[in-house]
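Residues per chain are reported as follows:
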Amino acid sequence: MSAFPATEWVWADGKIVRWQDATLHVMSHVVHYGSSVFEGMRAYGTKNGPMFFRYAEHMQRLRESAAIYRMTYDYADEELAEGARELIARNGLQTGAYVRPFVLRGIGAAGVDPMGSPVHVYIVVWDWGAYLGPEALEKGATAGVSSWFRPAPNTHPTMAKAGGNYLNSSLMKVEAHNNGFDEGIGLSVDGLVSEGSGQNIFLVKNGTLFTPEIDATFLQGITRDSVITIAEDMGIPVRESRIPREMLYVADEVFFAGTASEITPVRSVDHWTVGAGKRGPITQKIQERFMAIARGEAPDTHGWLTPASTKKAVSAESSQKAKVGA
């Protein structure tokens, strides 16, 4: 088990604190009841400095996720952006960073009702490479259909990116690893394809791109939306539809899409080779265009990039002299 790639600084309720000081009490509501929502976005290194990828959309989803769970916070999106920028600079991650702002319930109520527990906001940034390994970006990952179903509609809201939702994902991931796979694929309670443990899924069949339609069993990914937009820009037909499990075995190509996973091809499902058993041509086209836009190497025609550097940020060398929150 690898150690978490700890950095030096964390943003906590409006202050920059040292990594070791970003702590919660063991009786915090989030510890016992999973009352948190979060975002994961990347800041890619470009020739014009680090750039957040689709910052506005991520922050909108964070605020909406919090609202679904009856949490509000006073920090404006730009204030949180400035906090993330300062962390990227202080932690020396200008060439690329994974950015995680999150909202949680602290210590207050002892019972399941969260309303008596205060709301806290944190931001953590770190260096997180290819989620399923750099070799998987070309050779493809292995996947297995999980025995754990994704939640049915009206059980808990999958539209919210909530911490508690990922208990299901953890079961899927552990089972996948125990069965010798890199990743799991979850089905809906109807037995239809839903998503991976932490990413959306796409299939290619006869030149058309398929992805599950919105059915309240999976998170509506921002990378998912990016893939659909890029495919449409490139003239690749896209269909959001109900996808039976067996399509996974007869698809020409399969790939995962998510902030951490980016665009990762799947070379086999349940030990059955997908297509040619490696990254397919449509997957490659979408992957290359996605990364070119994110890295500032292709025109940002949709306005997806936001500067992730700031004049207020101090250098790593001078950070010891910066004001540090108690």
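Details of the structure are given in the entry above.
Residues numbered from 1 in each chain as written. Predicted model: local features only at pLDDT ≥ 70, side-chain atom pairs only at ≥ 80, totals over all residues. Heavy atoms only, no water.

Student: Hey, could you run me through the overall build of the chain in this one?
Tutor: Counting secondary structure elements, the chain contains eight helices and 17 strands. Expected size for 326 residues packed as a compact globule is a radius of gyration near 20 Å; at 20 Å, the chain falls within 12% of this value. Expressed as a percentage of its 326 residues, the buried residues of the chain come to 52%. Pairs at least 24 apart in sequence give 70% of the contacts found in the chain among residues at least 6 apart. Working note: accessible area of the chain is about 15000 Å², and carbon and sulfur atoms make up 53% of it. Considering the chain, the positive charge centre built from 31 side chains and the negative charge centre built from 36 side chains are found 3 Å apart. (Helix = DSSP H or I, 4+ residues; strand = E, 2+ residues; numbered from the N terminus. Rg over C-alpha atoms; globule rule 2.2 N^0.38 Å. Buried < 20%, exposed > 50% of the residue type's maximum accessible area, 1.4 Å probe, protein only. Contact = heavy atoms within 4.5 Å. Areas by Shrake-Rupley, 256 points an atom, 1.4 Å probe, with all protein chains shown as cover. Lys, Arg positive; Asp, Glu negative; His and termini not counted. Charge placed at Lys NZ, Arg CZ, Asp CG, Glu CD.)

Student: Where do I start with unusual backbone geometry in this structure?
Tutor: Negative phi characterises most residues that are not glycine, and trans characterises most peptide bonds. Positioned with a positive phi, Asn206 is a non-glycine residue whose angle comes to about 50°. Tracing the sequence through the fold places Asn206 in the loop between β11 (200-205) and β12 (208-212). Overall, the relative accessible area of 65% leaves Asn206 in the exposed class. Positive phi outside glycine occurs at Glu262, with the angle close to 55°. Assignment of secondary structure puts Glu262 in strand β15 (residues 262-269). Residue Glu262 is classed as buried on the basis of its relative accessible area, which comes to 9%.

Student: Would you mind going over the pairing of strand β4 (residues 41-46) with me for this structure?
Tutor: As a general feature of sheets, a regular strand has side chains that alternate between the two faces. Of all six residues in β4, five are buried, a share of seventy percent or more. Of the strand pairs in this sheet, β4 and strand β6 (residues 96-105) are connected by four bridges, and their pairing is antiparallel. Directly across from Tyr44, in β6, lies its bridge partner Gly96. Sheet topology places β4 next to strand β5 (residues 49-53); four bridges connect them, and they run antiparallel. (Pairing = 2+ DSSP bridges.)

Student: Looking at this structure, I do not really get a nonpolar patch on the surface. What am I missing?
Tutor: A cluster of nonpolar side chains, Val26, Met27, Val31 and Ile107, forms an exposed patch at the surface whose accessible area comes to about 360 Å². As for its placement among the helices and strands, Val26 is situated in the loop between β2 (15-18) and α1 (29-33). Among the residues examined, Val26 registers a relative accessible area of 56% and is labelled exposed. (Patch = residues over 30% accessible without salt bridge, like charges linked within 9 Å, V, L, I, M, F, W, Y side chains within 5 Å. Salt bridge = Lys/Arg side-chain N within 4 Å of Asp/Glu carboxyl O.)

Student: Just checking my understanding: could you explain the side chain of Ser146 for this structure?
Tutor: The residue Ser146 is located in the loop between β8 (141-145) and α5 (166-178) in this model. Residue Ser146 is classed as buried on the basis of its relative accessible area of 6%. Within the structure, the side chain of Ser146 is placed 3.0 Å from the backbone nitrogen of Trp148, a separation counted as a polar contact. Ignoring sequence-local partners within four residues, the contact set of Ser146 consists of Met172, Glu175 and Ile185. (Polar contact = N/O pair within 3.5 Å; in protein donor to acceptor, adjacent residues only side chain to side chain.)

Student: Teacher, can you tell me more about the packing of helix α6 (residues 222-233) against helix α8 (residues 281-294) here?
Tutor: For any two helices packed against each other, one specifies the crossing angle of their axes together with the interaxial distance. Remark: α6 packs on α8, axes separated minimally by 10 Å, with the N-to-C direction vectors making an angle of 110°. Relative to α8, the element α6 lies roughly perpendicular. The way α6 lies across α8 gives a crossing that is right-handed. On α8, the residues touching Thr223, Ser226, Val227, Ile230 and Ala231 of α6 are Ile286, Arg289, Phe290 and Ile293. (Axes fitted to C-alpha atoms, helices over the stretch in contact; angles between N-to-C directions. Parallel < 35°, antiparallel > 145°, perpendicular 65-115°, else oblique. Left-handed = near helix turned anticlockwise from the far one by under 90°.)

Student: Sorry, what's going on with the environment of Thr7 here?
Tutor: Examined against the element boundaries, Thr7 turns out to sit in the segment before β1 (9-12). It is 9.7 Å that separates the C-alpha atoms of Thr7 and Leu93, two residues lying 86 residues apart in sequence. Among all residues touching Thr7, those that are not within four sequence positions of it are Trp19, Asn91, Leu93, Val125 and Trp126. Of note is the side chain of Thr7, whose polar atom sits 3.5 Å from the backbone oxygen of Val125.

Student: I would appreciate a short explanation of the pairing of β1 in the present structure.
Tutor: Side-chain alternation along β1 places Trp9 and Trp11 on one buried face and Val10 and Ala12 on a second face that is also buried. Pairing of β1 with β2 involves four bridges; the strand directions are antiparallel. Within β2, the position partnered with Val10 by the bridge is Val17. Between β1 and β2, which pair antiparallel one after the other, the connecting turn spans two residues, and Asp13 there sits at a positive phi close to 50°.

Student: Explain the packing of aromatic side chains here, please?
Tutor: The geometry of an aromatic ring pair is captured by the separation of the ring centres together with the interplanar angle, meaning the angle of the planes. One pass over the full model with this rule turns up 13 aromatic pairs. Ring centres of Tyr98 and Trp128 lie 4.7 Å apart, and the angle between their planes is 80°; on these two criteria the pair is classed as edge-to-face. Taken as a pair, Tyr98 in strand β6 and Trp128 in the loop between β7 (119-126) and α4 (136-139) lie far apart in primary sequence, 30 residues in all. With relative accessibility at 27%, the residue Trp128 sits in the partly exposed group. With a centroid separation of 5.6 Å and an interplanar angle of 15°, the aromatic rings of Phe102 and Tyr122 are classed as stacked. One end of the pair, Phe102, is in strand β6; the other, Tyr122, is in strand β7, and 20 residues separate them in sequence. Residue Tyr122 is classed as buried on the basis of its relative accessible area, which comes to 9%. Among the aromatic side chains, those forming a connected cluster through ring pairs are Phe4, Trp19, Tyr98, Trp126 and Trp128. The positively charged end of Arg90 is found above the aromatic ring belonging to Trp9, 5.4 Å away from the centroid. (Phe/Tyr/Trp six-rings, centres within 6.5 Å; stacked < 30°, edge-to-face > 60°. Lys NZ or Arg CZ within 6 Å of the ring centre and 35° of its normal.)

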